[in-house]
Each structure stands twice: as structure tokens, then as C-alpha cells.
Amino acid sequence: MNRRHITCTINGDKAEFLCDDDESLLNTLRDELGLTGAKEGCGTGDCGACSVMLNGRLVCSCLVFAPEAEGATIETIEGMADGEHLHPLQTAFLEGAALQCGICTPGVLIAAKALLDRNPEPTESEVRYALAGNLCRCTGYDKIVRSVLDAAAQMKNNLQEGDRL
Amino acid sequence: MKYEAPKSIDEALELLESEPDSCVFAGATDIIPQMRSGRPEPKLMIDLKCIPEMVQIACENKVWTIGAAVPAVLIAGDSALKSDFPGLAESAGLIGSDQIQNRASLGGNVCNASPAADTVPALIVNNAHAVIASKGGMRTLPVALIATGPGSTSLNAGEFIVAFRIEQPLPHSADAYLRFIPRTEMDIAVVGAAARITMDKAGNCTDAVIALGAVAPTAVRVTAAEDALRGNPIDEDTLTKIMAAARAACNPIDDKRGSKEYRTQVAGVLAKRVVIEAADRARK
Amino acid sequence: MTDINAVSNTPNSYKWVGTRPVRHDGLEKVNGHARFAADLSLPRMLSGHVLRSPFAHARIISIDTKEAEAMPGVKAVITSADFPEPHRKDYVSLNLMARDKVFYEGQAVAAVAAGTKRQAKAAAEKIVVQYQELPHVLSIDEAMAEDAPLLHENLITKGVEPVPGKASNIPSRTLFERGDLDAGFKEADVVFEQEFTTKVVHQGYIEPHAVVADTSSDDRSVIWCSSQGHFMIRAKTAAMLGWEPSQLKVIPAEIGGGFGGKTTIYLEPLAAKLSQKAKRPVKIVMSRDEVFRATGPTPGTKLRIKLGAKKNGKIVAGKAWLAYENGAYPGIWGMLGAMCLFAPYDIPNFYVEAFEVVVNKPVNIAYRAPSAPMAAFATETVVDQIARELKLDPIELRLINAVEEGSRKPDGPKYGPIGFKETLEAIRNHPNYSIPLGPNQGRGIASGYWFNIGESSSATVHLTEDGTAIVVTGSPDIGGSRASMALMAAEELGIDVKLVQPRVADTDSIGFTDVTEGSRTTFATGMAVVGACRQLIDELRKRAAMMWEVDIDEVEWMDGNALHTVNKHAPLALAEITKSAKKTGGPLTTTHSLEARGAGAAFSTQMCDLEVDPETGAVTILRYTTAQDAGTAIHPGYVEGQFQGGVAQGIGWALNEEYVHNAEGVMENPGFLDYRIPVASDLPMIETIIVEVPNPKHPYGVRGVGEVGIVPPIPAVANAIHDATGLRMRRLPMSPMTILAGLNQKNGSA
């Protein structure tokens, strides 16, 4: 069977790749496009390490067929920082020691950003439920949750400062 | 395996007819893990998400139509739908993580035919009907009649569910859904319980529908509990009857997720709690 | 000057140690660029797939690979016949590729390398293995039964006199005893005896095992993988291949969690051999299912313990019978449990007997303070019972019996300065200790011990022309240890921590270093870093003396500058010395290797507040507080992270985690859906108290912090459930189902 040609937008850039129809978006990102930031922790949608944004929605890329990417807009961890400028979540994670081994970190950051994009001032409980699909075995989640709350506060501050300027 | 994403129901039906070994899907949150653990790949996967009427939610003439491929997140988050069916919205909002809810659909949840499907008891208590497309035309079927056992449905070859229709509830009537899982998220229901309760001004229940998930090969109605409720206040006596009726309706399996005894005992607890919740809502 | 045991300045004067800089490897980890083992690709690379046993116990009659070899894309197929016969005690090699028998469901039987993952998998399915099924044993009781089916026909129990005349499933017995047990129990006013059982659990690291091997010739292979110790990978892979370690170069990838589970090998020799046969690089990545079936877990146990105490709370006698599963081959897990069981308490009379037991399940490996959490479950539950019986505060009872400097461990050695009592007092003084509890809520206290280890470490420090210190070690960083290395180097050299670049180097590029295990890295590898830095300071003083043309004794090193003690010359900054290094004798590089001694014992005391739903048995953790002795916290952020991570894993173990095997010995829950590790919404914030009783055997007072945090949670949760419900939990997991069954029994209903 011929491989399918897919055109989509990844992290703001046009991307093309060839895939088998039954390949997962995750494998395609990692093996065809060299975007290895999304990780496979389970392959069954239980760990969230492969989280990416697909047409503005948070998904497990291991549960998406690669051909579904046709015409889609995809955002991965590699596109989270704006050039050298880290997203406030990335900064908060670094300053708050919110990562240990770092394997879950890309997925957690993508999910946390999806949360803050729709709910800029989440409660602790909202953060915990929003990240329930992202397993972390190192941190006990404490510093992750605190860092997401810190980033939310920082982003609110930035907005207010922006208003004042 | 080949992947196709038809743009219309007719096109999907053509594809379905063209390849007997095919499978329709929306979110693929069940089918991909199943294939990973050994389920044979079909020759053709038909993605239904590009068919406009399958991804719409609308309310016309007091009837809600929810596309079978609408992701759960939109069902859980639609404020008008949620105000009519808070229990159904809750059930959709309990399916897996945010990542899963952005993909999983009612159509998938119903057709996967897991006894533990969260939305099925909630659909049943709301008397939801599935609109089923085939080459021969459309037919409707109550959701309760779709699953025939774990993993099997009454749909014929060449058919798929396009949408679900639910009539808007009467005044002083409300639904609720509760499920029990060992963790707070990410588990399959050990027991699920849905209720729709209608109350009169005196505080008596005038109508009730109760359904349980994960306690039998398919979701089950608990008619004995419904009978115990009808015409009665929701007091200790009624609740005791509901618990006993719910437990009597159970025919669960013993597996890694819960023993027979445990499922049965908790089914009584959840039935009681879900009735209280739905009745509280109905009074408002 | 280069005495690395010299204690650095007084703690209050530390400039870098005790601060919380951003970790040096952090940026790559938040932008997705960090390279884990599965992220690597090489030109011409093949994909490997491992065929695994479907049976728990079977004889292999034959393996036919002909059809598989003819499948599309296949470049190599291997079985145990491709490896030399392992030494009979090389259990790692015996485990990694089944020979005449398979001992558990999931054991590797053959492997294929092909052009794509799919081709490799399809070909593996064409390998025809003829098995003759054998009866299996899945539990301690089954394995220890008189007429039990045997896994290994020649296994004679060690540590038993006289030597048994026939084989069994019990590889060894360990005994620790002290005093006069009968006299001790006679003295006791209260005696409690209880039996506990715990299930097999997995470390649950999120990164599945992965490897890329490039065996370019018949006598040389380069291996990229994530592990807790690449020198261990080199040694064990070489052993299985029948090679010398020097024939292998192992390059460490970033490691996505280990917790003890990556202190051994699984895929490396298979990939190396496939690569050798195919003459192309081979990558193998495990699926989650394979991780559960074929790697890790830590033992299930059966423990009987008896403690006697006087009315004043003094524990006077303890007796224990412990049995630890080891999986399919012998291990050391019972012995470790026996070492830890009574270690927190000064018990004058005890008798502890521990057995290792082989069963038809995956071979067990370390999991964070291995064997101690189960032992603590038993001891700390019975200690709680004694406190209640004697109406003593549970912390007071522990303080009465707590070990201190000079007390002896059950296995003999004396404790140095330890902070156990300080952790107890820290919890007692914490405001959470007096928060009132509501209905169905309970509070549980428990303590835990882990011995920590030293072992071999190496460090090299290079100064670059621009005055940056590259600190190279051989210790894989599993939780932020690079940040600790950088902080100690910055403190020693007196330079900004940003001017230190900590690195983990491959086996050809740094001296031998043992596995990152036993909470040893910041302690032992940290000592190597300090040693290398101190040598470097001597060298820097020498260079400054040359530049000034003065005697080295007139040069001191302070805050990153050479100082001339007689003040003729202005201070000379490190970067100025490195700039002119060429003129003063060449590159500035030092190396320090050591076998570290004097690891300080670790103690933790924890408090759990929870609520039990009496109708469903569900537990909600309301608050959690942990106090642990870190010696000195080099990077407090990552110290807290270790405390919190251990607690979260312990809570998961306590409440929900377990391997579920069916009657055929097949694992029924090999995925994160049904092997239920805690999710974010399951836990509250985990409040940490860092106790610092410095370890005098480390220049900064470090004692290992990585492991002991997982020891107290199981009994802390169990004691809290008892406080909430009156129910004593003696069986893990304490799932809603077990709790409700217990409540039913207690209430005499349902």
C-alpha cells in the first residue's frame, strides 16, 4: 500500500510527511518529523506523556491516526517557547523544581497550557483534575501543581502590567 | 489498514458497504488501545468526524439532537444542554482525562458496548434514542436496546449511529449520574448509577427512571426501585427500598476491577445517592 | 588541602549549598529537546522486537525461527543459542533470554531485528516455539508448600543448618538476633502478634526501557540507553555476550524515572547481539505492557511479627518471620527486609528470620528503599497498636524507643549521628498534628528507616578558557543530582553556580562509577566532585603562585580568587588563571575517584490525615506531612521533591497498586489503566519538613534522601484508616474493596 501524503501546520510552520494509514500521530511526529518531545509512556491514552494540541484541543497523540492530521493545526512542546522566550509555565516549572526525570514534563506542560488558555485562574483542585490524565511518578504532583498556579498568577500579573503600559 | 474520512453520511455508507471488514470511529479512544492489545486491525477505518451533522449539538422543537461523533468535552461543557441534562453532561465529563474527552464520543461510548460505559445509564434514564443510518434509510432505537452484551450491539452490518435524540425534560424533573472508581480519575467505572426523578410540589416523586452500569452484561434499568419511588416521598424508607432493589438488579462479574459482592453493595449506595442528587435538582 | 573529608565552612556561611538555582539540564526538559533513549535514531537503524513467553512455567521443547527469518525486512533473529551458556549464578543473563525453560509469563524467548517495528513484530509472531507447560507457583504459600512444583531443580536453601537435603523454592534464609527473646517477652506487659501480606508492585517509571546498540564489528559495541548506571549496563551486557567490559561503550541517555527499576539490564545484550548479526544499528523500545510483564517489580510479601512492650512504652522484645517473593530467580529481598524491620527502635531482645522465595513471576528488582516499606507496614502498625493499648501518644511511644547515635542496627553496626528523634519531634511540633478531625476522618503516624550506601564514584572537573567549570561524573541523574553536583562545585571553587556545567559522561570518558542507587549519588559522587574541586584549587593556587612568582604557601583560595596572603599582589580571579593556563603548565583538569564510606542512615516520620467513605470504602487523603533527615540539603527544592515523590509512590502502593495474576499466571493488569498509580487529583499537597542532622562523613554533611520517603506511607495510611474506622488493615492494597469488606465484617453485616 502506498503511504499517504499529509500536509498540516505544526507549531506555526507548514509540515508535510508520509505515513501509513494505521500509524499513530505520535509515531509520525517522533519518527518522521523528528519531534521527539512528545513521549510514549503507555500507548493507550492513560499517561498523557504524548499530549499535543490538535486543532486547538488537547489530545493524546498515541490515540490519533496520523492521517487525521491532514489539514490540521498541531502544537507540540517544541513550539511552546516563543523563540528564546519561554512560556511562563516553562519558567515556573524550572523555578519551582517541578520536574525530576522530565519524561512527563512535555505532556504536563501542554496540558497545563490548555488549562490556562481556557481557565486563566484555576483553583488547586481544577489544576489537579485538569492534569489527572498526565501521570508523573517522580514528583508527587505537589511542585507541578504549585508551578501551574504560580504561572497563572504570573500571567495575570503580566496582563495587568500590559494594561498599565 | 486503510483510513477514510467521508464528508457525508451517504459517502460513509458507501464505504461501509464497499468493505465488509470495516469499522467506523470518532475518537478512537477505545479502538486503538484494543488494537494494541491484540484486537485484529480492520481493513478499513472510517472516521466520522468530518460529517457535519455528526458533530453538531442542536435543540429544536423541544428535542435535543447530539451528533454521535461530538467529543465528550462539548457535551460536558454545553451550558444549555447541561441545564436540561446535568447528569448526562456529568457522565460525559467523567470519561477519562481531558485528553480523552476531547476525542471520545457518545456514539463510540454506546457502540463500544462496555457494560461500564459512563454515558449509557445517563442516556437510558433520559430515554435517548439513537438515529441509525443505513443504505435502507434512517431508523431510531432506544439506547437501552443497542448494547446486547459486552462488546456486542444490535446494529446490523452497514449501519452506524448518526446522532442521539432526547426530548427536553418536563418541569420539576432532573437527572444525575454518579460512578464509583478506586482513584479520582482515569479508571473504568466499578459501578455507575443514573437517575431521572420528577417531583410534585408536595415533595413526592411522580416519576423515576434508574439505570446502573458495570453491574451486568449491559446497563440495567432498576424498575423495582422506580416503582418504590413513584408516588412516594424520598425518605429513609424509600431509600432503603431503592438500595435493596438496585442490589437485586445486579448480575456483575468478578474481575480485577471489582468483586461481585463489592459491585453489588456499592450499586445500592450509588443508586441511593444518585436519587437524592437528582431529586434535589428536580426540586429546584 | 585535598582532604575531602574536611568539613566545609560552617553551614551558615554557605553561599551556594542550600540555595535553589534552576537546574542546568532544565531548559532542555521544558522545551522537549532532552534526549531520552527512545528519542535516538541512527542511520541504517533497524527495529527490534522481543518474543515473550505466554506461559508462567514451561519447558521449551524447540524454537523454529525459519519462517520468521524469511519474513519481509527481517535482518536478524536471535535466541538463547546465540549467547554463551551463562554462569549458573548469573541470574541476569539467565533471565534475559529463556534457555530450557520459561519461568514467567513475559520472559524473553527470542528477538527479531527488521526494517520497521511492524515488520519485526510480524516476524516475531512467526517464530514457532513448542512449549510443554509445567505446574507453576504464584504465591509465597504455594512456593513454600512441602510438595510445591520446583522452579529450579538444584536450588538448596542457604543459611539453614544442617544444609537441606533436597531442593526447594527457598534460595536463602537470613537471621538476625539479639538478647534473650523469651526473657524479653516475659518482661512485656502487652504483646501483639499480627500477620501482614503485601502484593507485587511496580516502580512505574513513565519511560519504558529503550536501547540503541551499534555492534559495528565482532568485538566492539556502542550502546545508548537510559539506566541508573551505565557501568552496570556495560558489565552485565558484557557478561551475557561473553565479552570483556572494555569491548563496550555505553552512552547514558536522559533517564525517564528509575526508582531502582533501572538498576539492571533487559534489552541491551539483545540489541547488541541483533546488531552484531545484522551488521546494522538496532533499536528496541518496550511497550508499557512489556514493562509490566518483563521488568521491575518489587516483591510481594508475607510477614508475621510479634512485639512486646512494658507499660511505660518500652519495647522489650520483637520476633518476626518474613517471606519475600523474588520472582523467578534468587535475590536479596528478604535479607534487606530483615535489616530494616526493627532498625528504628532500640529493642534489647529480638529474633528476625527472613526467607527469599522464588515464584513464577518476573524477576524482582529494587524499588526505592527495597524491602523496607513492607517491613515498616508490619512494625509500624504493631507499634501503633501498642501506643493505643497503652494510651500513649504514638510519637511519644516512638521517642521512648527510638535509636540514636551509638545504638546498634539489627545487623550489627552502630549508628553515627542520626536525626530520627528530630523527625518525630518535627512532626509533633507541626501545626498539622493538632488540626481537629471530623467524622470518618483519621490521623496516622509512621516512621521509616533506610541504610543508604556509598560505593564507587568518579568525577572530573575541567576548567575552560573562559573560566567555566565542567563537572563530569558517571552518575545518571534521576532526580536533579546534577544541580547538587554543580552547587557543591560552586561552593568549593567559589564561583557562581551558573559557571558550573554538570555533565554525565559515557563509560569511556569518566572513571568507573557504581549505579545511582541506595541514595548514594549526592553523597558519594558529591564527595568525588568535592575531591576533584579541592585538587583543582591546589592547582589554581600553584598557577597563581607561578604568575606572581611567589611561594604557593603564600597563596590562598577564596570566593573564586587566588589571594596573596602577604598582600603584594591584587587577587587573581579564576577566569584570569584559566586564560593564561597555557603559560603556567597547560590545561586545568583534575579527577577524583573513590570508594565512599560512611553513608549516613536516613529516617523519615510522616503523618497522614484521611477520610474513609463508610459506604464505599473509598479513602481520600486530606493532608500529608513528612519530616525527613537530609543531613544537609544541597538543593532543597530537589530534596523536597524526593520526599514528595517517595510519599506519593507509597500512597499508591498503600491504596491501589498491585499485580493481578490470573490462575494461569498471566498478568491481568499490565497497563496504567488497571495498574493504578496515583493521579494528580488523588493527592493533596505534600508538606515537607527538612530535618538537617549533618553526616560527619561527608564534607557538606549529606546523607542520602532518595529512598526512605517511601517507607512510612503504607503504615501511616493504615494507621490513619484505623483511627478513622477502628479497622486494622493488614493486607495490601487497602483498596475500597478491602476496606469495605473489613467494615462489613466489623459491623457484622452484608
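Enquirer: Help me understand the overall build of chain C, please; the structure alone is not making it clear to me.
Expert: Along chain C, the regular secondary structure elements total 20 helices and 26 strands. For chain C, whose C-alpha radius of gyration is 27 Å, the value lies close to the compact-globule estimate of 27 Å for 750 residues. Overall size of chain C, expressed as C-alpha extent along the three principal axes, is 90 × 75 × 50 Å. Counting the 750 residues in chain C, one finds 61% classified as buried. Counting contacts in chain C only where the partners sit at least 6 residues apart, residues at least 24 apart contribute 80% of the total.

Enquirer: Just to check I follow, could you spell out the overall build of chain A for this structure?
Expert: Secondary structure summary: chain A contains five helices and five strands in total. Walking chain A from its N terminus toward its C terminus, one meets helices and strands in the order β-β-α-β-β-β-α-α-α-α. Over its C-alpha trace chain A gives a radius of gyration of 16 Å, about what one expects of a compact globule, namely 15 Å for 165 residues. Here the C-alpha coordinates of chain A stretch approximately 55 × 40 × 25 Å along the principal axes.

Enquirer: Explain the interface of chain A and chain C here, please?
Expert: Size of an interface: often given as the accessible area lost when the parts come together. With 43 residues of chain A at the interface, the matching set in chain C holds 41 residues. Counting only elements with at least two residues in the side of chain A that touches chain C, the list comes to helix H2 (88-95), helix H3 (105-118), helix H4 (124-130) and helix H5 (142-164) of chain A. The greatest single-element share of the side of chain A that touches chain C, amounting to four residues, is contributed by H2(A). In terms of residue class, the side of chain A that touches chain C is built from 23 nonpolar, 12 polar and eight charged.

Enquirer: I would appreciate a short explanation of the interface of chain A and chain B in the present structure.
Expert: Across the contact, 22 residues belong to chain A and 21 residues belong to chain B. Elements supplying a minimum of two residues to the side of chain A that touches chain B: strand E4 (57-60), H3 and H4 of chain A. Looking at which element gives the most residues to the side of chain A that touches chain B, the answer is E4(A), with four residues. Classifying every residue of the side of chain A that touches chain B gives 11 nonpolar, six polar and five charged.

Enquirer: I would appreciate a short explanation of the sheet that holds strand E1 (residues 46-52) of chain C in the present structure.
Expert: Backbone hydrogen bonds are what pair the strands of a sheet, in a parallel or an antiparallel way. All names here are of chain C. What the seven strands build is an open sheet, ordered E3-E5-E1-E12-E9-E10-E11; its pairing is mixed. Since the sheet does not close on itself, it has two edges, and those belong to strand E3 (74-79) and strand E11 (248-252), each with one partner. Recorded for the sheet is a direction-independent mean angle of 20 degrees between the axes of neighbouring strands. The sheet contact formed by E1 and strand E12 (residues 282-285) spans two bridges and is parallel.

Enquirer: Just to check I follow, could you spell out the nonpolar core for this structure?
Expert: For soluble globular proteins, nonpolar side chains are generally found buried alongside one another. Of all hydrophobic cores here, the largest spans 408 residues; its most connected members are Ala195(B), Leu212(B), Ala271(B), Ala489(C), Val717(C) and Ile721(C). The element contributing the most residues to this core is helix H15 (residues 521-548) of chain C, with 13 residues. Setting aside residues no more than four positions away along its own chain, Ala195(B) makes contact with Val125(B), Asp175(B), Ala176(B), Ala208(B), Val209(B), Ile210(B), Val274(B), Val275(B) and Ala278(B).

Enquirer: Where do I start with the pairing of E11(C) in this structure?
Expert: Looking down a regular strand, the side chains alternate between one sheet face and the other. Residues and elements named next belong to chain C. A one-sided burial pattern is seen for E11, the buried positions being Leu248, Val250 and Pro252 and the unburied ones Lys249 and Ile251. Two elements, strand E10 (residues 220-225) and E11, share five bridges in a ladder whose sense is parallel. Paired with isoleucine 223 across the strands is valine 250, a residue of E11. With helix H7 (residues 230-241) bridging E10 and its parallel neighbour E11, the resulting β-α-β unit is right-handed.

Enquirer: Looking at this model, I keep getting lost on the domain arrangement of chain C. Mind explaining?
Expert: Residues and elements named next belong to chain C. Domain annotation for chain C reports domain 1 (11-34 + 454-596) and domain 2 (371-452 + 600-747). Distance between the C-alpha centres of domain 1 and domain 2: 37 Å. In this complex, domain 1 contributes 18 residues to the contact, which on the side of domain 2 involves 21 residues. Those elements that place two or more of their residues in the side of domain 1 that touches domain 2 are helix H14 (481-493) and H15. Across the side of domain 1 that touches domain 2, the residue classes tally to eight nonpolar, eight polar and two charged.

Enquirer: Mind showing me how you'd approach helix H1 (residues 25-32) of chain A here?
Expert: Working note: α-helix, 3.6 residues per turn, so residues spaced by three or four point in the same direction. All names here are of chain A. Of the positions making up H1, those classed as buried are Leu25, Leu26, Thr28, Leu29 and Arg30. Elements in contact with the buried residues of H1: strand E2 (13-19). Positive backbone phi, at 70 degrees, marks glycine 34, one or two positions downstream of H1.

Enquirer: Before we go on, may I ask you to explain the sheet that holds strand E2 (residues 58-64) of chain C in this structure?
Expert: Sheet architecture is open: three strands sit in the order E4-E2-E6 (chain C), paired in antiparallel fashion. Whereas interior strands pair on both sides, the edge strands pair on one side only; in this sheet they are strand E4 (101-102) and strand E6 (128-133) of chain C.

Enquirer: Just to check I follow, could you spell out the environment of Leu155(B) for this structure?
Expert: All names here are of chain B. Locating leucine 155 in the fold gives a position in the loop between strand E9 (152-153) and strand E10 (160-167). Owing to 20 C-beta atoms within 10 Å, leucine 155 belongs among the buried residues under this scheme. Distance from leucine 155 to alanine 117, taken between C-alpha atoms, is 17 Å for residues 38 residues apart in sequence. For leucine 155, the residues in contact, after removing those within four places along its chain, are Cys111, Ile132 and Ile146.

Enquirer: It is not clear to me how H7(C) should be interpreted in this structure. Could you clarify?
Expert: All names here are of chain C. Between its first and last C-alpha atoms H7 spans 16 Å; for 12 residues at 1.5 Å apiece the expected length is 16 Å, and the two agree. Most of H7 sits inside the fold, with 10 of its 12 residues counted as buried. If you check which residues of H7 are buried, you get His230, Phe231, Met232, Ile233, Arg234, Lys236, Thr237, Ala238, Met240 and Leu241. Check the buried side of H7 and you find it contacts helix H3 (91-96), E10, E11 and helix H8 (268-278). Looking one or two places after H7, you find glycine 242, whose phi comes out positive at around 75 degrees.

Enquirer: Where do I start with the domain arrangement of chain A in this structure?
Expert: Residues and elements named next belong to chain A. Looking at the assigned domains, one finds that chain A contains domain 1 (4-79) and domain 2 (88-164). Distance from the C-alpha centre of domain 1 to the C-alpha centre of domain 2: 22 Å. Counting residues at the interface gives 13 residues for domain 1, matched by 11 residues for domain 2. With three residues, strand E3 (residues 51-54) is the single largest residue contributor to the side of domain 1 that touches domain 2. Residue composition of the side of domain 1 that touches domain 2, grouped by class: eight nonpolar, four polar and one charged.

Enquirer: Just to check I follow, could you spell out the packing of H3(A) against H5(A) for this structure?
Expert: The packing of two helices is summarised by the inter-axis angle and the distance between the axes. Residue and element names in this part refer to chain A. Across the interface, H3 lies against H5 with an axial gap of 11 Å and an inter-helix angle of 45 degrees. It follows from the interaxial angle that H3 and H5 lie oblique. Two packed elements cross with a definite hand, and for H3 against H5 that hand is right-handed. Residues Val108, Ala112 and Leu116 of H3 form the contact with H5, whose participating residues are Ile144, Val148, Ala151, Ala152 and Met155. Residues belonging to the contact of H3 with H5 are distributed by class as follows: eight nonpolar, no polar and no charged.

Enquirer: How should the pairing of strand E9 (residues 210-217) of chain C be read in this particular structure?
Expert: All names here are of chain C. Burial analysis of E9 places six of its eight residues in the buried class, the great majority of the element. Of the strand pairs in this sheet, E9 and E12 are connected by four bridges, and their pairing is antiparallel. Each residue of the ladder has a partner; that of alanine 210, found in E12, is valine 285. Strand direction decides the pairing type here: E9 and E10, joined by five bridges, are antiparallel. Looking across to E10, one finds that valine 212 is bridged to tryptophan 224. Here E9 hands over to E10 after two residues, the two strands then running antiparallel side by side.

Enquirer: Would you take a moment to explain the packing of helix H12 (residues 394-401) of chain C against helix H13 (residues 420-429) of chain C for this structure?
Expert: All names here are of chain C. One way to put it is that H12 packs onto H13 with a least axis distance of 10 Å and a crossing angle of 165 degrees. Taken together, H12 and H13 sit at an angle that is classed as roughly antiparallel. Judged by the twist between their axes, the crossing of H12 over H13 is left-handed. Residues Ile395, Arg398 and Leu399 of H12 pack against Lys421, Leu424, Ile427 and Arg428 of H13. Across the contact of H12 with H13, the residue classes tally to four nonpolar, no polar and three charged.

Enquirer: Would you take a moment to explain unusual backbone geometry for this structure?
Expert: Leaving glycine out, the prevailing phi sign among residues is negative, and the prevailing peptide bond configuration is trans. Along the chain, Glu161(C) connects to Pro162(C) via a cis peptide bond; the corresponding omega equals -10 degrees. With an omega dihedral of -10 degrees, the bond running from Leu732(C) to Pro733(C) counts as a cis peptide bond. As for its position among the elements, Pro733(C) is in the loop between helix H19 (713-725) and helix H20 (736-747). Unlike most non-glycine residues, Ala97(A) shows phi in positive territory, near 50 degrees. The topology assignment puts Ala97(A) in the loop between H2 and H3. For Ala97(A), a count of 27 C-beta atoms within 10 Å puts it in the buried group.

Cut-offs applied
- Residues numbered from 1 in each chain as written.
- Chains lettered and ligands numbered in written order.
- Predicted model: local features only at pLDDT ≥ 70, side-chain atom pairs only at ≥ 80, totals over all residues.
- Helix = DSSP H or I, 4+ residues; strand = E, 2+ residues; numbered from the N terminus.
- Rg over C-alpha atoms; globule rule 2.2 N^0.38 Å.
- Buried ≥ 20, exposed ≤ 12 C-beta atoms within 10 Å, placed from the backbone.
- Contact = placed C-beta atoms within 7 Å.
- Nonpolar A, V, L, I, M, F, W, Y, C, P; charged D, E, K, R; others polar.
- Pairing = 2+ DSSP bridges.
- Axes fitted to C-alpha atoms, helices over the stretch in contact; angles between N-to-C directions.
- Core = buried A, V, L, I, M, F, W, Y, C linked by C-beta atoms within 7 Å.
- Right-handed = clockwise from strand over helix to strand, strands pointing away.
- Domains from an automatic or database assignment.
- Expected span 1.5 Å × (residues − 1).
- Parallel < 35°, antiparallel > 145°, perpendicular 65-115°, else oblique.
- Left-handed = near helix turned anticlockwise from the far one by under 90°.

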